[in-house]
Structures are given as structure tokens and as C-alpha cells.
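Fold and geometry: a report
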Amino acid sequence: MAQSWDAIVIGAGIIGASVARELAAKGFKALSIDRLPAASYGSTSNSCAIIRPYYSTVHGSAVAYEGHYYWADWENFCGVTDELGMAGYNNCGCMVMKTEHNDFLEGILKVMDQIGCPYEELTPAQVRERVPPISTHSFDHPRRTDDPAFGEPRGREVRGAVLFPKGGYISDPQLAGHNVQRAAEAKGATFRFNTGVTAIRRNGDQVTGVTLDNGEEFDAPIVVNVAGPHSSKITEMAGLTGTMRITTRALRHEVAHVPSPEGYDAEKDGYVFSDSEIGAYTRPETGNHLLIGSEDPACDEKEWVDPDDYMTEFTGMWTTLVMRQAQRFPDIRIPNTARGAVDLYDVTEDWGPIYDKSDLKGFYLAIGTSGNQFKNAPIAGEMMADLIEACENGRDHDADPVSFRLRHIDHEIDMAFFSRNREINENSSFSVLG
Ligand SMILES: Cc1cc2nc3c(=O)[nH]c(=O)nc-3n(C[C@H](O)[C@H](O)[C@H](O)COP(=O)(O)OP(=O)(O)OC[C@H]3O[C@@H](n4cnc5c(N)ncnc54)[C@H](O)[C@@H]3O)c2cc1C
């Protein structure tokens, strides 16, 4: 006989575990299933886990800014002691270069004013004072390394940068995910690892449960797709492909780790640094390293992949990332062995997530996190639980969208913003920046 649950969450990454936790907190008998051996072993484990408040829209920025307060109070928020320890938030601040590409941050600063998020504008000289190894030459826009103009300063300086003090990074995203698992268990959720979902069962227009790769069947009137880069496969299993305006697909990304420039203690003095002139972002990494990621510049081809069949080794992109960053940090030390991570984003057309119901009753979506939703995971869990509870109590979220109050910054979010059927956000950066 099939085991029965109130709710099954497919995927125990940081967002899946957060959804399980919040459903359990509302009294649902929740089961989280993951095909990997432990929580957050999927794309969460390789997340750069940057916490930053700036996005292209007011709603996107408000949720991200709210996220800072959850991470700043992580132990209390989790409310448990994890035997592996608690993830730490390095609130070092985020510095963003003013570039032509980001309209010198004028639009973003207006959004920051609207949500009350603090920032400090810096001149090039002030940037150099804060980050001594940096070059403030302008490079105009990102280039491929085979472009003859690559690395050539344009003969002038950048305009400056903006420092957002309420930001930073989590150095161990997998541990953060484990913390959420323990917090979810404390609320009554159950986790099941090493078992993959192979089928979603339905009766007419109502979901009824899942079938696992070992043949087991679990029944539930609520099933939530939080399968990260595999989300489109789960959507397909539910028979929902083609039913949503916004879709998801897996995008391969590389992240490089290199030693910091000589004499610079990145872990003590460094910032998260985003720079659309060179198409790269960086943050301090354990061992006085710099972590370097791509901001998806237009000159790079996107690597859409099958999440079950993609190359996990580094390619020339690793070298490109390091060379791009070396434009800003000319004294960067480049090791002869590539270190870092290769993993997948689950990307939507406008690089914003889907937190929504679906056309199948009882089947919900927390997908399309587009390389930028780690920071929002605890809020995504709360929003999804509110949405699920409302829909299960008869609310038609499509016609009468649920709203969610961001309690720390006192801002109301209309969850239609995350709809599977929204218009594409034309203000998006169409990159990991969202
Ligand atoms: C390289 C990289 C850098 C990033 N940097 C940042 C950043 O700096 N800041 C930020 O905010 N965000 C960042 N992100 C994004 C962030 O990490 C993700 O949005 C977040 O981790 C997604 O969590 P999740 O729980 O939705 O997915 P995942 O962690 O991918 O979890 C999905 C889980 O579903 C499981 N699963 C899949 N299919 C099945 C199945 N059939 N049956 C059972 N289980 C299944 C998988 O095993 C997996 O564990 C980054 C992501 C990557 C890859």
C-alpha cells in the first residue's frame, strides 16, 4: 500500500528544503524527496551564494533586500542546532561598478530609494582606496579573449561604483541547506534521499502522488516541483509542458577560484564585486582566494544542456573568466590547475523565478531560479507555503493573486510577479543579475 503524505516536495536543495520546512510549520505532513545522498548536494552545493539587494525591478530587489535580514539572523531563523554547525554570513558588502551597460546604476539606485535600501556612491579614487589592487581603467564592455581589443584600457577611467553595505555571501551553501533540513525536521518534515521521482500520478485534473525509481509509490494531494535544473523534466512528468508562458531550461556555468593578489587579504578586506564592463563578478573565497563568476555577457554563447548529460570538466571559459577578472586585478595569481565549480542554472526567459501553482490541481512550482535565488530561499519557502495553503483553501491564485508581506523591510509582494504566465520582464538584465 502506498504511503500517504499531505505534501511531497521534489528536490531537497536550499529552496526545496525551505518549502518543506514552511509546509511542516503550517501543519502539513511533508515529505521531501531527493535522488542525491543529502540535502543541497545539487546545484545549491556549487552556488556562489552571494547575498545582494539589487535587481532590475522593485519586487525583485525588495525580496532580495529582505533576504539579507534572514541571513543576518540565520541561527535564530533556523531555530535549531545542526550537528554540522551553522552556515555563516560574511556581510562584507557588495560593490558594483557604474557602467554604460547598467546605465551607471541610475535606475537601480531609484529602486533602492523606493525600498529604503542603503548604499554609498564611490568615486574611482574611493574605489581604489577600498580595494587597493584594483584597476579603475575603463574597458567599455566585455569581450572574448580572442578579440584583438581584449584587455585594452579605453584611455579613461570608470565613473565610479556603488557600495551596498547590506550584502555579502555565505561561504558554505551546502551547510546552509543542511541547516534548513534540520530546521524542517524539527518542524516535523521527513527527508528521503537516494530516491528519484520517475512519475507524477494524477486523477483527472488533480495530482495524486509520485512514483519512485525503486517502484515505491507515495500518495499526496499536494506535490511541489523544486527540482532545480531538472525542473523541466518534472514539469514534463506532470504533463504540463506547453501549459505555461514562462519555461525553464538548464544552463551550464563555470566558476573559477584563484589566489588573491599578493598582499591583499580578500577574506578580511574584500567585497562582493560586480562589474558589467568585464562581464564578471567576484567575491572572497575560503583560503584567501577570489571566486570569479560570469555575468553572461552578450559575446558569450549560452550552453543550454540536458541536466543529465553535460560536461563537468572546466573548458576555456575558466581561463576567460580569470583573464577578464585580471583586467581589474592585474596582479591576480593564475595557478596552472583550474579550481572552482561547474554546475547548472535553471533559467527562465526573463531570468526571474516561477513561484506559482500550475494547471494541475495540487501541483506547485518553485523553479526557474536562474542562478540568483539562493539568497531568497528562506523567503521562497514562506511564500510558497502561503500560496499552497491559500490555493488548497479554495483561492484562485491566477485570478486573485496571493500577496506576501516582507516583514523586515515592510513591503508587500504581489505574488503574480512570479507567475508562470507573466509577461516577460523587459527590464531584466537577461543575465544572472536578474
Ligand atoms: C554556479 C552557481 C552560482 C550561483 N550563485 C548564486 C549566487 O551568488 N547568489 C544566489 O542568490 N544564487 C546563486 N545561484 C543560484 C542558487 O544557488 C539556486 O537558485 C538555488 O540553489 C536553487 O535551489 P533549489 O533548491 O531550487 O535547487 P537545487 O539545489 O538544484 O536542488 C534541486 C534538487 O532536486 C533534486 N532532483 C532533481 N530531479 C529529481 C527527481 N527526479 N527526483 C528527486 N529529486 C530530484 C536534485 O537532486 C537536487 O538536489 C547559483 C547557482 C549556481 C549553479
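Residues numbered from 1 in each chain as written. Predicted model: local features only at pLDDT ≥ 70, side-chain atom pairs only at ≥ 80, totals over all residues.

With that settled, consider the overall build of the protein. Scanning the protein from N- to C-terminus turns up 10 helices and 24 strands. Taken over C-alpha atoms, the radius of gyration comes to 21 Å for the protein, in line with the 22 Å a tight globule of 434 residues would show. With respect to the three principal axes, the spread of C-alpha positions in the protein is 70 × 45 × 45 Å. Per-residue burial over the protein gives 53% buried out of 434 residues. The long-range fraction of contacts in the protein, counting pairs at least 24 apart against all pairs at least 6 apart in sequence, stands at 73%. (Helix = DSSP H or I, 4+ residues; strand = E, 2+ residues; numbered from the N terminus. Rg over C-alpha atoms; globule rule 2.2 N^0.38 Å. Buried ≥ 20, exposed ≤ 12 C-beta atoms within 10 Å, placed from the backbone. Contact = placed C-beta atoms within 7 Å.)

With that settled, consider helix α10 (residues 377-392). Taking 1.5 Å per residue as the helical rise, α10 with its 16 residues ought to reach 22 Å, and the 22 Å between its terminal C-alpha atoms agrees with that figure. Taken residue by residue, α10 has Ala377, Pro378, Ile379, Ala380, Gly381, Glu382, Met383, Met384, Ala385, Leu387 and Ile388 as its buried positions. Positive backbone phi, at 105°, marks glycine 394, one or two positions downstream of α10. (Expected span 1.5 Å × (residues − 1).)

What the 6 strands build is an open sheet, ordered β10-β3-β2-β14-β22-β21; its pairing is mixed. If you trace the sheet from one side to the other, it starts and ends with β10 (190-192) and β21 (354-357), each paired once. Strand-to-strand twist across the sheet, computed as the mean angle between neighbouring axes with direction ignored, equals 15°. As paired elements, strand β2 (residues 7-10) and strand β14 (residues 222-225) share 4 bridges and run parallel to each other. (Pairing = 2+ DSSP bridges. Axes fitted to C-alpha atoms, helices over the stretch in contact; angles between N-to-C directions.)

As a further point, take the site of the ligand. Among the 40 residues in the neighbourhood of the ligand, the closest are listed as Gly11, Gly13, Gly42, Ser47 and Gly228. Considering each element in turn, the shell around the ligand owes the most residues, 4 residues, to strand β20 (residues 340-347). Looking at the shell around the ligand residue by residue, the classes come out as 19 nonpolar, 17 polar and 4 charged. Viewed by domain, the shell around the ligand spans two of them, domain 1 (3-84 + 172-247 + 350-418) and domain 2 (94-165 + 249-343), each represented by three or more residues. (Near = placed C-beta within 6 Å. Nonpolar A, V, L, I, M, F, W, Y, C, P; charged D, E, K, R; others polar. Domains from an automatic or database assignment.)

One finds Ile8, Ile10, Val224 and Met384 to be the most contacted residues of the largest nonpolar core, which totals 120 residues. Broken down by element, this core gets its largest block of residues, 8 residues, from α10. Discounting chain neighbours no more than four positions away, the residues touching isoleucine 10 are Ile33, Val197, Val210, Val223, Val224, Asn225, Val226, Ala227 and Ile234. Counting 8 residues, the second-largest nonpolar core is a separate cluster that includes Tyr345, Val347, Val432 and Leu433. (Core = buried A, V, L, I, M, F, W, Y, C linked by C-beta atoms within 7 Å.)

Attention shifts here to the environment of phenylalanine 273. Following the sequence through the fold, phenylalanine 273 ends up in strand β16 (residues 272-275). Phenylalanine 273 sits in the buried class, given 25 other C-beta atoms within 10 Å. Here the alpha-carbon distance between phenylalanine 273 and valine 96, two residues 177 residues apart in the chain, equals 5.8 Å. For phenylalanine 273, the contacting residues outside a window of four places in its chain are Met95, Tyr281 and Thr282.

This next bit is on unusual backbone geometry. Backbone phi values are negative for most residues with the exception of glycine, while trans is the configuration of most peptide bonds. Residues other than glycine seldom take positive phi values, yet tryptophan 351 does so here, at roughly 60°. Along the chain, the position of tryptophan 351 falls in the loop between β20 and β21. At serine 370, a position not held by glycine, the phi torsion is positive, near 50°. Its place among the elements puts serine 370 in the loop between β22 (363-367) and α10. In this structure serine 370 comes out as buried when scored by C-beta crowding, with 24 C-beta atoms within 10 Å.

In this section: the sheet that holds strand β13 (residues 217-219). Pairing in this open sheet of 4 strands is mixed, and the strands run β1-β13-β12-β11 from one edge to the other. Of all strands in the sheet, those bounded by a partner on one side alone are β1 (3-4) and β11 (197-203). The pairing of β11 with strand β12 (residues 206-212) spans 6 bridges and is classified as antiparallel. Across the sheet, arginine 201 pairs through a bridge with glycine 209, a residue of β12.

A word on the domain arrangement of the protein. By the assigned domains, the protein splits into domain 1 (3-84 + 172-247 + 350-418) and domain 2 (94-165 + 249-343). Domain 1 and domain 2 are separated by 30 Å when their C-alpha centres are compared. In this assembly, 18 residues from domain 1 lie in contact with 21 residues from domain 2. Tallying contributions element by element places helix α2 (residues 58-72) first for the side of domain 1 that touches domain 2, with 4 residues. Tallied by class, the residues present in the side of domain 1 that touches domain 2 amount to 9 nonpolar, 8 polar and 1 charged.

A separate point is the environment of threonine 319. Its place among the elements puts threonine 319 in helix α9 (residues 316-328). Taking the number of C-beta atoms within 10 Å as the measure of exposure, threonine 319 has 15 and is therefore partly exposed.

Regular strands place side chains that alternate from one sheet face to the opposite one. Counted residue by residue, strand β17 (residues 280-285) has 6 buried out of 6 residues, so it is predominantly covered. In terms of strand pairing, β16 meets β17 through 3 bridges, oriented antiparallel. When the sheet's bridge partners are listed, phenylalanine 273 is paired in β17 with threonine 282. The turn linking β16 back onto β17 is made up of 4 residues, and glycine 279 within it adopts a positive phi angle of 70°. Summarising the sheet, β17 and strand β18 (residues 289-294) pair through 6 bridges and their orientation is antiparallel. Bridged to tyrosine 281 within β18 is glycine 293.

Time to look at the pairing of β21. Where β21 and β22 come together, 4 bridges link them in antiparallel fashion. Residue pairing across strands places isoleucine 354 opposite isoleucine 367, the latter belonging to β22. The turn linking β21 back onto β22 is made up of 5 residues, and glycine 362 within it adopts a positive phi angle of 85°.

Here the focus is the environment of arginine 395. Looking at the secondary structure, you find arginine 395 in the loop between α10 and β23 (403-406). What makes arginine 395 partly exposed here is the crowd of 15 C-beta atoms within 10 Å. If near-sequence neighbours (up to four positions away) are discounted, arginine 395 is found in contact with Ala390, Asp400 and Val402.

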